[in-house]
Structure formats: C-alpha cells, structure tokens
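# Close look at the chain arrangement
Here's the letter readout for the chains.
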Amino acid sequence: MLTVIWGAIAARRAQALAVLLLAVLASAAAAAAPSYVAAAGQALARYEMSTAEPNELRIRLAEGAEYPGMPGDPTRTVFTSTVRQLTPAGFDVVLGAQTGGVAAGRAGEVTSRLIFREGVCERVAVVGACPRATSRDQPPEVMVSTHTAARLGVAVGDRFTFAAVPVRVTGIYRPQDVTDPFWLGGELIRPATGGSPGTSIPGSAEDAIFIAEAAPLPDDDVILHRSTADLYVTEKLLDSGSMPELRAAVMKLQRDGNRENFGAGTTTTSLFDRIERQRGQLADGVTLGAGLLVLLCWLVLFVAVGSAAEQRRPEQGLLLLRGVQRRRLWALAIGEHAVPALVAIPLGCLGGVAAATLLAAHTLPARADVTLDANVVAFAAIGAAGALAAVLLAQARMLSAPVVDLLRRVPARVRGWRATIGDVVAVSIAAAAVVQLRSGGSPSGLALVAPVAGALAAAVLLARVAMLAGAAVGAALLARGRTAVGLALVQVARQPRFRPLIALLTVAVAMLAFTASMNELASAAYGDRAVVEVGAPRVVEVDAPSRSHLLAAVRKADPEGRFAMAAVVTKRLPDGGTPVLAVDSARLTAVAVPHPSYGASFADIARAIRPAPPGEPVLLRGRLLSVGLSTTSFDTEVFGGNAPRLAVTVSSANGTRVVVAQPDIHPGRDQYVVPVPECVTQCRLVKMEIVTAVMWQDVTVHFEEMRIGDGNADTVVLTGTQFADLRRWRRTVAGDDSEVSARGGSSPALALKMWEGRAGVDGISVADSPFPLPVYVTRSEGTQLGATYPHEGVDGAPTTARIDGVADGLPQLGGAGLIVDLEYADRIAVSGQSGTKEVWLAATAPADVLDRLRAQGLAIVGERTITGARQDFDRQAPALALRFNLFAALAGVLIGAAGLIAMAAAEQRTRVAMLVALRRQGLPARAVRGGYGLPVAVAAVSGGLVTLVIWLLTRSGQRLFGDGRSPVPIPEWPDLGRLLVFVVPTVTLFALTAVVLGRVIAASVRRRSSR
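Nothing here was measured: the structure is a model prediction, and the numbers come from that model.

This next bit is on the overall build of the protein. Of regular secondary structure, the protein possesses 26 helices and 31 strands. Across the protein, contacts joining residues at least 24 apart in sequence account for 81% of those joining residues at least 6 apart.

Below, the structure written as structure tokens:
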C-alpha cells in the first residue's frame, strides 16, 4: 500500500503540491495566532510597566526598628539576608537606608531625608562627584539636588548640617529621568509646590540628600536610620511567569514580610490584574482572525480537492468495477493526503512564526520576541489535521457513491436531508454564536467567532440561492438565444463544486469588509473618546496654592485668552456625588475641542454659566483691615466668655483664610481691626460674620464703614451707603432668627439683627457672583431647567446650583456631571481645595507655554494630550487584536483567489474538452468562457449582504476598549468611503483572476479546436 500511495503522489504531483501548499497555509494560519498572542502579551506587559504608577512596580520592605548612626550600606546586615530569602525569583532588589531631619545651610533650612541608596550615581548627572565612604576623622560626604543646594546656599566643597551633624557636599545632582521607577514616583525627587519659583529642572528643595558609607559618629544616637529594600518588577519576570503565580508570590511575600515586621506594602497586584485582563482580551480577539484564516484554508482545500476528485470519478468507478474494495480506496485517499499534511506541520510552524514576526514588528507598542514553542506546534498540528479532514470530507461523497453515479460525466444532484444537513449545521452554529454574543458579558466560546460563523452560514445559504437562480436565469437566457451568458450560468448551476467556491469568496469579501469596518469604527471611537476624556489638545496638571492663583497665573500667561484656560476637575467623589468641571468660561470656546456627543455648543454653555454678577467683588490692598461697627446695647456679662466676635474671610493667591477681629464686639461704635498680610499685594473680601455660641439677648450690628491700609494712611473701601445697598450682599446662613436690612438717613449702614436664642454664626457675604450658581448638567443628572441642584462645590463643601442648560455630555466628565464657571465657583467657596487643577491648552499654544506657566508660580505635575490618549487606546489589547484580524482578512482574500485558481486548475482538462466539443458543434467563439465570473459577481453582491447581516447582529458585541465600554457613544456605521478602499480592490482581484482564468481556458479551446 505504501508503494501504491507513493505512486499516487508521484502521478498526481500537481495536486499533491497544491494540497501541501494549502495545508501549509492552514497550518501557518493556526500557528501565527499563538505566536502573535505570546509576542503581543509581552509587549502589552512592557507597555503597562512603562505607564504604571511607581508603587505598582515595586514592593517596599523596611525594618520595623530604627538603629543609631548615619544611613549606610545594609548589605552585611541580617535585614539584607532575610530580604534575600524572602524575595521571589525575578525581582530586582535595591537596598538602602534613610533617616529624616532638618538640613541647615548658610542661606536657609529645609526638611528632607538623608538616604543611602544603591545605584543612585548611575541615574544622575553630577556637578562634582558622587559621595564616597569616609573615615572617622572626615565629615560624611553627601550629594544634594540643584534645588536643595539653592535653598541651603551651598556649592561643591561647602558644608552644612543635617540633624546637627556636619556633612560636606561633594556633588550637586540632577536626575537623568525623573520618571524612572527608581525615584519612587516623587518620593525621592519631590514635586515643586505651587507658588514656588518656576524652573524646568524637576524637583524641589525637599529632594533627597544622598550619602555614602560614613564612619561611626562620636555620638551615634544623634541620628537614627532604618534599612529599606525595594523589590522591582522586571520585564523578565512578566515574560516568564503567569499572572496568578505572580499574585500568589506577592501575597506570600507580603505575608512573610509582615511576619518579619518589615511591613511589606505594594499595589503590584493591580498591575498584574491589568496585564492579565489585557492578555485575555488579546487572545479572545485574535481568535476571530485565526478562526477566519483556518476556516478559509479548509474551505479552499475542500473546494480544490473536491474539484480534483470530481475529475477522477470515472477512474474510481472503474476501480470498483474491477473489484477493488472501498476500504483500500479510503486508505489510498488518506495516505495520499496525509503525507502533505504531515509535512505541512513544520513548514506551517516556520511560516506562522515568520508572519507573526512581521506583524509584531509593525503593530506592537513595545519590543517583543516571537518564539517557537509547544503551543505553536500544537496549533500548527491542529491546522494540518483540519486540512486533512477537509480533504477527506471533499472526497467522502465520491468514495461512498454508487458505481453508476461515479461513471456519469455530470454528478447526480444530492437530494433529501443530505442536501441540507451542511446548511442546517452552519446556521445552527451561527445562531448559537450570535445568541451567546448578544446575551451580554464578555464574549467567550462560540461568541468569539460569531462574525465568522454568521458569515459562513449566510454565505452557504446565499450560494444555494445563487445556484438555483443561476439555473433558472441561464435556461431563460439560452431560450432567448443569449448563448454566452446562459451557457455559463447553466454550467455553473449544474456543477455542485461551484457552491462551496461561491461561499468561500463570499466569506472572504464579507469578513474583509467587516474587519475593515470594525477597524474604521474603532479608529473613530478612539479619537472620539480621546477628545472627550482629555477635553483640549493639551491638558497640563499643575499645582497651585489656590484656585484664584491658578486663574490669575493662566490669565497672565495668556492675557488675550487665545490658547490657555484654567480648570478644576473633580471626577470621582467618595460618596458618589456629581462630578464637577469648573472652567474659566470666557476661554472655553477658544481652547476646548467641541464634539457632537456633547449635544450643546461651548458658546451656549459659556453664556449660560457666566451671567453678569449681582455686584462687583470687593478688592483689598493693604496690611490692616478696619471695619466700623455700631452695635445696639446689650449686657456683655450675660455672654460671659462667649462675647460676639467679628470674623472676616478673605481670599488671596495663597487661598482662603478666616481672621477674627480685635477686640470682641461691644455696645456702641468702634473700629475692629483685622490683620491681613496676604492682602498687601491684593486679596478679595469673601464675607463678614458675627460668631458666638448663643445670642443671649437681641443684638443688632450695623456695618458702617470699611478701611484698608497699614495703620497710618487708610483707604476707604466701603462707605455706609455702599453697605446699605443690599444688592451687594447676601446672608451666609438662612433662617428666621435673624434678618438683614438697610439703615438710611444721615448715617446709612447695613443692619444685621440677631434675635435672642440665635446659635452659631451669622453674617453677610459679598454678592460678587450669582447664587445659586448657574450650571449646565448632563442629561443623566437632571433635565428640569431652572431647578436647584445640590452638589459638592470646588471646595468640597455642599452647595446648590441652578440648572440653566442640559447637555448630553461634557469634556472629561462624559455623560455624568456638571460644568460651572471657575471664578464664580471660587467666589462662593469658603473652605479648602478640592479637585485637580489643570491648564487646558489649545493647539496654537506657543512652544514656551510651560515656561510661562512656571514663571507665574505654577508647578507642572503632568501632561496629557488628545494625540497621546488616542495612541494609548491603539496600544491596548482590543486594538492589537483588530489589527491581527485585519491582517487575517487580507490574507483571506489571497486564500480566496488561490481557491479560485486551484479549482480552475483541477477541472481545466475536463472543461476544455467539453468546450471543444461544443465549439465543433457550432458554439460561437464568444461563448467560450471560463464561467468563473459568475462566482465572483455573486460573491461581490452576497458579500455586501452578508457584511450588513453580521454587522447588525454582532457589532454591538465587539470589544473596542480594554477597560470596558466607552463613555462616548460609538458611531453606528463606519465611513463608507474608507471601507470601499478595502472592498473594491478585493473584488477587482477576484474579477481579474476570473478573467485571466477564462482567457487561459479560451486559449486552450482555440488551440484544441484548430487541430
């Protein structure tokens, strides 16, 4: 039998080679998926490492007890040996020791930390030299940062004291890369505080002071230090270990570290969780492309081998007539095609790895290695085994058919349940996959290949319809004398092998259109989400001492309001309150990027949230504030030690402060003085309140005059007439146990009357902003215009707003939150700072804009851009999976063309002989065509229909974002113009292939007919 099998392979070399090539293609397609998934998993892990928070990349172990002496190398201590025993394999360990204290130089003092840390000298640029170990008679050598040296007023070679211990400066350092996890995310290089002098050098005066090994001090008890060890996650660790194993190792390390009193603390498990989720999403997403490639390869084999087998039907019939047993025919068929399938496994592995390497080089966000491992070999074997199964299935009908059917030139039509069983199975699988996909949750199982299953089911049904319609139309055309087209249609309809070919081409067209559509949709969704989540082309997070400082600094950096806008954003509140976006509304339209999902224009929003204020702000400039009050008579002894006092709240660039005036309020008229040093440059009056535990008697306080100055030359800020204008004021506390009124006559004033029993605080605030504040809210929060809306203000205190407009979404907040004017919100704020301070920058911002902001005392904390956010989405697992699927769909087009060629090659001899016979009987030369244009035309039309069907059924179940669904509505349809860029060349390729094959057959017919 082996000799017979080898002889069959040698006799049908062309078919064996075709089977080998197609089996290699199937095996390579199956092997490419795990190769790409493994490489992309590495790249995703490395990318997550590059964007992780510093505490997610390390585990901190620290001694529970402190020891006397300067910090030094803990390598020879028991602590280090214990750390070595506890550390899991793969972690990098950085040892150190540290102590805290006050460093004092000739120019000033700073609270900092003295640290010994391995590897610091390799990560800094030093003016001078790194510190070295010192002997007993030498002062310890240290290295300070540029900012610390400036604060202390020291240079290389100078001395200063740390915790009263003299030390000598041997170097002044600058970190080479402050984002390196080595610096512990701002723990060693402290971020500059708002209001400090602007500089482009990262850090502040509180940066770490580094020391080398020092000799024992005369009195070691002067300083106490603690040894530390930072265990860093490495790329090698993430590449070699599974995430569950790493989580278990970290949990064990934390447990053992706590038992040793090392206080192991980390958030590395959150990094592991993200990597595991991304890798799972990648594997699930790649399943669609891999399934498509393998399915198309199997279909091509089925079509090609089936066509070749049909040509050998008479040969098989004669063998059966001569007494050859069917089992021998089966053994011959299996053996003849098993050899190419087995050879295809190693070749497929190499081809799959090569394809994955090429794809990884152009799609992955970080470097990754594509390797050949057991998974790749296993998947390649599955692809080859499926190819063998497709080959045998293609021959099953021929090997089991009766002899009389085998001897027929035209095969008998399959009728009954056998004719529809394949359609029923395909439709059933597709229905189950679609139902599972649309049931909600993360796609799994059949749902991962729902588009492919749906495309195949729709394709086989449309192919059946096309065959029936082709027979009917062909017969009608022949009856009318339309020989060329009619004959082609009848030929195709009479040959069952054309049906799987039509299904193959339909699936190739439909899946390319679908995957191209998903990529186009994802690209639009990534751009939309980036625009909404960032809000402006560039958003710079800053540190500022107050909201008013932020506003003033941005306005000075951009006086004309063309490219910069101050904003404060509160996105996540612990009690689930409403997120708030406070902006300098006059600049909103110039800086923020509009988006249709907002459902409102920035001009309308800015106009609504920034109406004219009821009154102007009361600005103060001076050191001493004097308030003239006249108070009705009351018994001071009744109040005891709780006499009423005047409290004044002012707001300056350094924040809001409440100051109590001296002396306590007493009957009669007097001037009450408040020291306000923050108002020397300028500040704003927020409110004035009368503070007491309980009003034991009725008391009326008249506000008659306010002056500001330095105690010698005062300036009148408010006169009695201005106080008496009630439009300028509003009560700070609502209630019926007090009232505010105006006193007219010759001595106008504002009267605040508090009745007996009134408890707590009462007073007046400056009505320099509307109250309640007008806001725009998202539709999810409320839709009743004019209604009041309680929320937490920019200071974190409860407040009330008035709904003046409703939007579908807002920048950075998405579909939930409200937007308010920052200046108005700051004017009514009375407590602390809440939210993230930001500066939004337009695309036209000058190159030195960050230097301008630093010059105004703003410290740069971080920066985001729409382009960067868009690129981040492109580097997540769903985007990588979509690229693989598009690659698979493009490869599927080539596979479809190969199927068309393979079928034509298999039946060329028979088709040419038939056409020659018809030509000799008078068939016109123009009617001699290959008949391959019909499958292409049907595939082009049915491919469009199938694309529409699977798009409607499966689009909503496709994962586009690694962290779930987008807060921005995803477009319903892709851009048709860009979709045609993929589809038109595909159909053109198939059409050209059909034309070339038809011309080849026509040329053969001409040569045979002329003999």
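There's more to say after this.
What follows deals with helix α16 (residues 547-557). Within the sequence span of α16, burial applies to R547, H549, L550, L551, A553, V554 and A557. Contact partners of the buried residues in α16: β11 (538-543), β12 (564-570), α21 (822-828), β30 (836-841) and α22 (849-855).

So, about a nonpolar patch on the surface. A cluster of nonpolar side chains, contributed by L350, L372 and V377, occupies part of the molecular surface with about 270 Å² of accessible area. Mapping V377 onto the fold places it in helix α10 (residues 374-400). For V377, a relative accessible area of 37% corresponds to the partly exposed category.

Grouped together as the largest cluster of nonpolar side chains are 108 residues, with contacts concentrated most on M511, I819 and W840. Among the elements that take part in this core, helix α15 (residues 498-534) stands out by supplying 24 residues, more than any other.

Let us now look at the pairing of strand β19 (residues 683-694). In terms of burial, β19 is a largely internal element, nine of the 12 residues being buried. Summarising the sheet, strand β14 (residues 619-620) and β19 pair through two bridges and their orientation is antiparallel. Opposite L620, over in β19, you have C683 as the bridge partner. Strand direction decides the pairing type here: strand β16 (residues 645-652) and β19, joined by seven bridges, are antiparallel. Note on β19: the bridge partner recorded for A647 is E689. Relative to strand β25 (residues 759-766), β19 is paired through seven bridges, and the arrangement is antiparallel. Bridging across to β25, I690 finds its partner in D762.

Structurally, T947 is set in helix α25 (residues 933-954). Within the structure, T947 has its side chain in polar contact with the backbone oxygen of G943 (distance 2.7 Å). Once residues within four sequence positions are removed from consideration, T947 is found in contact with V509, A510, A513 and F514.

On to the state of the cysteines, then. Taken as a whole and judged by the stated rule, the model has two disulfides. Here C121 pairs with C130 through a disulfide, and the sulfurs are 2.3 Å apart. Classification of the bridge connecting C121 and C130 rests on its S-S torsion, roughly -140°, and on that basis the disulfide is left-handed. The disulfide partner of C679 is C683, and the gap between their sulfur atoms is 1.8 Å. Judged by the sign of its S-S torsion, about 85°, the bond between C679 and C683 is right-handed. Its relative accessible area of 0% is what places C679 among the buried residues. Overall, the relative accessible area of 3% leaves C683 in the buried class.

Looking now at the sheet that holds strand β28 (residues 798-807). Read from one edge to the other, the open sheet built from nine strands follows the order β27-β28-β26-β29-β13-β12-β30-β11-β31, with strand pairing classed as mixed. Sheet topology places β27 (788-792) and β31 (859-865) at the edges, where each strand pairs with a single neighbour. When strand polarity is set aside, the average angle formed by the axes of neighbouring strands in this sheet is 35°. Bridge count between strand β26 (residues 773-778) and β28: six bridges; the pairing is parallel. If you follow P774 over to β28, its bridge partner there is R802. With respect to the sheet, α16 is in contact with β11, β12 and β30, its orientation differing from that of β12 by roughly 155°.

The next subject is the packing of aromatic side chains. A full pass over the atoms with the stated rule returns 14 aromatic pairs. On the basis of an interplanar angle of 85° and a centroid distance of 5.3 Å, the ring pair of F873 and F961 is categorised as edge-to-face. Within this pair, whereas F873 is found in helix α23 (residues 866-874), its partner F961 is found in the loop between α25 and α26 (976-1009), the two being separated by 88 residues in sequence. Since its relative accessible area comes to 2%, F961 is described here as buried.

Let's shift gears to empty space enclosed by the protein. Taken as a whole, this structure holds four cavities of 30 Å³ or more when the rule is applied. Together, 18 residues line the largest cavity, and D284, G285, N885, Q958 and R959 are the ones closest to its centre. Of the residues contributing to the lining of the largest cavity, the split by class is 10 nonpolar, six polar and two charged.

Another aspect to go through is the pairing of strand β1 (residues 58-62). The buried count for β1 comes to five of five residues, which makes it a mostly enclosed element. The side-chain alternation of β1 yields two buried faces, one formed by R58, R60 and A62 and the other by I59 and L61. Two elements, β1 and strand β10 (residues 224-232), share five bridges in a ladder whose sense is antiparallel. Counted as the bridge partner of I59 is L231 from β10.

What follows deals with the packing of helix α13 (residues 450-479) against α15. Look at α13 against α15: their axes get within 8 Å of each other, and the N-to-C directions meet at 140°. Classified by the interaxial angle, the pair formed by α13 and α15 is oblique. Note on packing geometry: the crossing formed by α13 with α15 is right-handed. Each of P451, V452, A455, L456, A459, V460, A463, R464 and M467 in α13 lies in contact with α15, whose residues at this interface are F498, R499, I502, A503, T506, V507, M511 and F514. Grouping the constituent residues of the contact of α13 with α15 by class yields 14 nonpolar, one polar and two charged.

Turning to the packing of α13 against α25, a few remarks are in order. Closest axis-to-axis distance for the α13/α25 pair is 9 Å, and the angle between their directions is 140°. Relative to α25, α13 is oriented oblique. Seen from above, α13 lies across α25 with right-handed handedness. Two secondary-structure elements touch here, α13 through A450, P451, G454, A455, A458, A459, L462 and A466 and α25 through V938, S942, L945, V946, I950 and T954. Among the residues forming the contact of α13 with α25, the class breakdown is 11 nonpolar, three polar and no charged.

Counted by the stated rule, this structure contains 48 salt bridges. D256 serves as the salt-bridge partner of R259, at 2.5 Å between the closest nitrogen and oxygen. A residue pair is termed a helical-turn pair when its members lie 3 or 4 positions apart in one helix, as R259 and D256 do in helix α6 (residues 243-259) at three residues. A relative accessible area of 59% means that R259 is categorised as exposed. Its relative accessible area of 10% is what places D256 among the buried residues. As a salt-bridge pair, E689 and K687 come within 3.5 Å of each other at their nearest N and O atoms. Each of the two residues, E689 as well as K687, counts as buried. Overlapping salt bridges bring together R555, D558, D584, R587, R610, D821, E823 and R827 as one network.

Bringing the environment of L246 into the picture now. Mapped onto the secondary structure, L246 falls in helix α6. Put simply, L246 and T269 are 23 residues apart on the chain and 8.2 Å apart in space, counted from C-alpha to C-alpha. L246 has contacts with L237, L238, G241 and F272, leaving out every residue within four places of it along the chain.

A cis geometry characterises the amide bond from Q662 onward to P663, with omega recorded as -5°. Within the element layout of this structure, P663 appears in the loop between β17 (655-660) and β18 (668-675). For the bond from F771 to P772, the omega torsion is -5°, close enough to zero to count as cis. The phi angle at A164 is positive, at roughly 70°, despite the residue not being glycine. With respect to the element layout, A164 can be found in the loop between β7 (159-162) and β8 (165-175).

Next up on the list: α6. For α6, which comprises 17 residues, the first-to-last C-alpha distance of 24 Å matches the rise-based estimate of 24 Å (1.5 Å per residue) to within 8%. Among all positions in α6, only M243, L246, R247, V250, L253, D256 and G257 are buried. Positive phi shows up at N261, right after α6, with a value of about 65°.

The rules we used
- Residues numbered from 1 in each chain as written.
- Predicted model: local features only at pLDDT ≥ 70, side-chain atom pairs only at ≥ 80, totals over all residues.
- Heavy atoms only, no water.
- Helix = DSSP H or I, 4+ residues; strand = E, 2+ residues; numbered from the N terminus.
- Contact = heavy atoms within 4.5 Å.
- Buried < 20%, exposed > 50% of the residue type's maximum accessible area, 1.4 Å probe, protein only.
- Patch = residues over 30% accessible without salt bridge, like charges linked within 9 Å, V, L, I, M, F, W, Y side chains within 5 Å.
- Areas by Shrake-Rupley, 256 points an atom, 1.4 Å probe, with all protein chains shown as cover.
- Salt bridge = Lys/Arg side-chain N within 4 Å of Asp/Glu carboxyl O.
- Core = buried A, V, L, I, M, F, W, Y, C linked by side-chain atoms within 4.5 Å.
- Pairing = 2+ DSSP bridges.
- Polar contact = N/O pair within 3.5 Å; in protein donor to acceptor, adjacent residues only side chain to side chain.
- Disulfide = S-S within 2.5 Å.
- Axes fitted to C-alpha atoms, helices over the stretch in contact; angles between N-to-C directions.
- Phe/Tyr/Trp six-rings, centres within 6.5 Å; stacked < 30°, edge-to-face > 60°.
- 1 Å grid on protein atoms, 1.4 Å probe; cavity = no way out; pocket = protein on both sides within 12 Å on 5 of 7 lines; lining within 4 Å.
- Points joined across faces, edges and corners; volume = space filled by probe spheres on them.
- Nonpolar A, V, L, I, M, F, W, Y, C, P; charged D, E, K, R; others polar.
- Parallel < 35°, antiparallel > 145°, perpendicular 65-115°, else oblique.
- Left-handed = near helix turned anticlockwise from the far one by under 90°.
- Expected span 1.5 Å × (residues − 1).

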